[in-house]
Every structure is written in C-alpha cells, then in structure tokens.
Amino acid sequence: MANRANRPSALNAPSAAAPEAQVDISGTGASSKVTATLPSGESVEVLLYGATVTSWKSSGGKTENLWLSEKAALDGSKAVRGGIPVVFPVFGPPPKSGHATSSLPQHGFARTSRWEFLGKSTSEDAVDASGSSVKLDFGLYSSGLSEEARTAWPLDFGLVYSVTLSKDSLSTVMSVRNEGETSFEFQMLLHTYLKIKDISKVSITGLLGVEYVDKVLNASTHKQSDAAVTITGEVDRVYSSIPQDTTSVLEDGKPRFDVVRDNLSDTVVWNPWTEKAKAMGDFSPDTGFKEMVCVEVGSVNGWQKLDKGEVFEGGQTIKSLL
Ligand SMILES: O=P(O)(O)OC[C@H]1O[C@@H](O)[C@H](O)[C@@H](O)[C@@H]1O
C-alpha cells in the first residue's frame, strides 16, 4: 500500500534536465485544492474536501473529461456534485439497523471529510522522469474525522488515495487500512461523473451477461442481455461481479473512455434524467444530465472485511480516447 512514511516530498523540487509536472496548492480552509499540470498541458484538480477530483483535462489541457455541476458546492458545505467523489465506508443508504455503518449518511463520510495532502510522489515509478506522469497522495485517518462521523463509525482506519495523472489517463486508487484492534467491514466506490457531449449518442459496453440490480425498478435483479447499454431515461444500476476489467463508453459509436477496474468487481451506471436532475438543488443546469454519465467502479456488493493491520487496495484507470 502507499506508505505515509515516504511523504510528503518537496513540491516542485528541482530535478535533472527533464521538465517536471507543476504542483500547486491554492485556496484556504475547505476550499483548498491541489492542481497538477504536466509539461504537455494535461492537468488534474483535487479539492481537499472529499479528496474530490473536480477537473481532469487531457489533450494538452484542451479536453475536460469530468462533468461538474455549475451549482456544485466547492466550499466544503456539502458533497461535490460532479467530478469524482469518493464513497466510503458505505455505498448508498446504509442498512437501516444492525450494521456498523447504519448511522452514517448516504455514501458515507469520505466525500464530506477534509483530507490531508500527503505530497507528490518522487519515487521513480510514480513520477516519470520525463514529466509525463505525476502521482498525488491524499490521506484520511479516523483522527481527522468530524466528531459526528467519528461517533457514527468509531473504528480506526487509514485511507490513502492516490491520483495519478498521465498524458491520456487518470488513475485513482484507494488503499484502506485497519489501524485498530477490531475488524471492520466497508464498501467503497469512485463516483465518477464522465463528461460527454450527447447522452443520446452514448453506449456503454463491457457489461454483457453481467447481473445487475436495477434501483429504478424496485431493486429487481436482471442480466445485461444487450452488448451495449444505452440511456433513454433514468438509469441507476449496480452491476456486480463483472468478469471483464474494462467498461467502455462510446459516443456516436467511437470509443470515448475506457474505465479499467483494479481489484474492484462492481460498477454502477447512473444518469438521473429529467425529473431527478431537476429535483437536485445542486444539479445545474437542469439539462446537464444530457452531458454526463456516471460510471462508478467499486466494491459494493456485500462487504469487504479487514482484520487488524490488514489493507485493501482498489481503484480505476480512466483512459480518455479522443
Ligand atoms: O445524490 P447522491 O447522494 O450524490 O447520490 C447520487 C446517486 O449515486 C449513485 O451512485 C446511486 O446509485 C444513486 O442511487 C444516487 O442517486
């Protein structure tokens, strides 16, 4: 797992001849964010609140790949509507009672907690000497939780979330460590809002034959029988135990994104469509649902269990294929 001991490193430390990625910290308090830019112009922006990736630009900085609501709260007052909110330790509404997560809000506390920036990694495999990739690490520990979250989930854990920007891809990987005496169970998910041009031209592949729970149809279970998922109304599906690693998003039949899962077997496909979009106060514009689709990788079918000292690591690499 990513190790706290070898960070933080010096920001923008001078290196040999090759140009390095630029890493800047800006803003104050809950609005603090870390921005990394490669010498070739690609960039990523991460709000410390929730360690939420709010922007990822590829093609030399010309193409924004993530959808962010015009009314997303970026001041730490609520979870960000857009980008990549981190869901932990429970996905969706928690079990009503009888589970350690039962007193938590929907999607847990990671997306509404202030994370620590641990630094940019300087190890050779993490930061390409040519400046073509840079890895940023963020940490959240039980000691850093609000009193409310700590009371609701009084377990000792450490999360390290690594965001690696490369020329045409972004990797976001979470490491969960049990730092207490007691075992705990959790779910995690990376709630990625992909920016697309026109939802009517989007198809999603890589899910054929996979079972899913349809939250729009009373949580009934179905099997994906079409090779491509198209979206013509509200969609909220939890695909589980997916054998293939890659879920692809195509626009107009052309590959737009590949979302590659790493040690995570589930994927949620979500689009709120007209009514739900309108009903969300922080979803803007109302027609924004035409320009986004959430493809959310995670471990949300059942629970991951960690005993004392154990670590779980899982994440995604998203490739922008323009
Ligand atoms: O409004 P929230 O809490 O950010 O959740 C947004 C959506 O997140 C998705 O992951 C869920 O499957 C949906 O059911 C939910 O509506």
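About the thresholds
Residues numbered from 1 in each chain as written. Predicted model: local features only at pLDDT ≥ 70, side-chain atom pairs only at ≥ 80, totals over all residues. Heavy atoms only, no water. UniProt positions renumbered as here; feature names shortened; annotations may be inferred. Helix = DSSP H or I, 4+ residues; strand = E, 2+ residues; numbered from the N terminus. Polar contact = N/O pair within 3.5 Å; in protein donor to acceptor, adjacent residues only side chain to side chain. Contact = heavy atoms within 4.5 Å. Buried < 20%, exposed > 50% of the residue type's maximum accessible area, 1.4 Å probe, protein only.

The name given to the chain in an unreviewed UniProt entry is Glucose-6-phosphate 1-epimerase, with Clohesyomyces aquaticus as the source organism. The Sequence similarities (unreviewed entry) comment attached to the chain in UniProt states, word for word, "Belongs to the glucose-6-phosphate 1-epimerase family." For the record of the chain, the UniProt heading Function (unreviewed entry) holds the text "Catalyzes the interconversion between the alpha and beta anomers from at least three hexose 6-phosphate sugars (Glc6P, Gal6P, and Man6P)."

*Asks:* Explain the side chain of serine 142 to me, please; I cannot follow it from the model alone.
*Replies:* Mapped onto the fold, serine 142 is located in the loop between β8 (133-141) and α1 (147-152). Engagement of the side chain of serine 142 in a polar contact is seen with the backbone nitrogen of phenylalanine 157, the distance being 3.1 Å. In this structure serine 142 touches Arg150, Leu155, Asp156 and Phe157, once residues within four positions along its chain are discounted.

*Asks:* What is the right way to look at the UniProt feature "binding site: substrate" (unreviewed entry) in the chain in this model?
*Replies:* Residues annotated in UniProt with the feature "binding site: substrate" (unreviewed entry) correspond here to Arg81, Gln106 and Arg111. A compact arrangement is adopted by the annotated residues: their sequence extent is 31 residues, whereas the largest C-alpha distance between any two is 13.9 Å. Locating arginine 81 in the fold gives a position in the loop between β5 (63-64) and β6 (86-87). Once residues lying within four places of it in the same chain are set aside, the contact partners of arginine 81 are Trp67, Leu68, Ser69, Ala72, Tyr193, Trp270, Met280, Asp282 and Phe283.

*Asks:* Help me out: how do you make sense of the UniProt feature "active site" (unreviewed entry) in the chain in this one?
*Replies:* In this numbering, the UniProt entry assigns the feature "active site" (unreviewed entry) to His191 and Glu296. Spatial clustering of the annotated residues is evident: they stretch over 106 residues in sequence, but the largest pairwise C-alpha distance comes to 4.6 Å. By the element assignment, histidine 191 lies in the loop between β11 (184-190) and β12 (193-195). Those residues in contact with histidine 191, other than ones at most four positions away along the chain, are Gly83, Ile84, Pro85, Val87, His107, Trp270, Cys294 and Glu296. Residue placement: glutamate 296 occurs in strand β21 (residues 292-306). Classification of glutamate 296 as buried rests on a relative accessible area of 1%.

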